[in-house]
Amino acid sequence: MAAARGLSLTAATQKAVTPWPRGRLLAASLGPQARREASSSSPEAGEGQIRLTDSCVQRLLEITEGSEFLRLQVEGGGCSGFQYKFSLDTVINPDDRVFEQGGARVVVDSDSLAFVKGAQVDFSQELIRSSFQVLNNPQAQQGCSCGSSFSIKL
């Protein structure tokens, strides 16, 4: 269904350490663009907040239907120890935090939030792929050349 709606999938994001049975898997990456500044109409993120860029909000409004939202999770795996996982979901769990901007919602569970607090979620369109990405993550020490994993600051 995701492919039918114009979303790309990558092998790295399909391989899950902790399977997430609900939702549709979307492409994720943290590559060289993570260093670029992304525009956002939201105020600066405070402690424990996630900011959405304008391109993220626009893409989510295009692809979500009804009560769907983008779920961001952090899983163990990848070249650097952790990787981002994006999926469309409709169920909000008790330990989830909801970040809404311009009618678009991103939901992060409390365990994953510890690894992404203060970061931005962006949607990037490139010649070879289009994907949601986590940018400017203050909790990440470095990314990997594979473009989908990161290590955390200790």
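- For the protein chain, the name recorded in UniProt is Iron-sulfur cluster assembly 2 homolog, mitochondrial, with Pongo abelii as its organism.
- Among the UniProt annotations of the protein chain, the heading Subunit holds the following wording: "Heterotetramer; forms a dimer of dimers with IBA57. Interacts with [2Fe-2S]-ISCA2 forming the heterodimer [2Fe- 2S]-ISCA2-IBA57 complex; [2Fe-2S] cluster binding is absolutely required to promote the complex formation."
- The heading Sequence similarities in the UniProt record of the protein chain holds the text "Belongs to the HesB/IscA family."

As for the pairing of strand β6 (residues 96-101)
Move 1: Here six bridges tie β6 to strand β7 (residues 104-109), and the two strands are oriented antiparallel to one another. Opposite D96, over in β7, you have D109 as the bridge partner.
Move 2: Linkage of β6 to β7, two consecutive antiparallel strands, is achieved through a turn of two residues, within which G102 is found at a positive phi near 60°.

Focus on the environment of S149
Move 1: Here S149 lies in strand β11 (residues 149-152).
Move 2: As for S149 and G78, which are separated by 71 residues in sequence, their C-alpha atoms are 5.1 Å apart.

Quick notes on the pattern of salt bridges
Move 1: Taken as a whole and judged by the stated rule, the model has four salt bridges.
Move 2: Residues K85 and E75 are paired through a salt bridge, measuring 3.7 Å at the closest nitrogen-oxygen approach. With K85 in strand β5 (residues 82-89) and E75 in strand β4 (residues 69-76), this residue pair connects regions lying ten residues apart in the sequence.
Move 3: Taking the relative accessible area as the measure of exposure, K85 reaches 6% and is therefore buried.

Conventions used here
- Residues numbered from 1 in each chain as written.
- Predicted model: local features only at pLDDT ≥ 70, side-chain atom pairs only at ≥ 80, totals over all residues.
- Heavy atoms only, no water.
- UniProt positions renumbered as here; feature names shortened; annotations may be inferred.
- Pairing = 2+ DSSP bridges.
- Helix = DSSP H or I, 4+ residues; strand = E, 2+ residues; numbered from the N terminus.
- Salt bridge = Lys/Arg side-chain N within 4 Å of Asp/Glu carboxyl O.
- Buried < 20%, exposed > 50% of the residue type's maximum accessible area, 1.4 Å probe, protein only.

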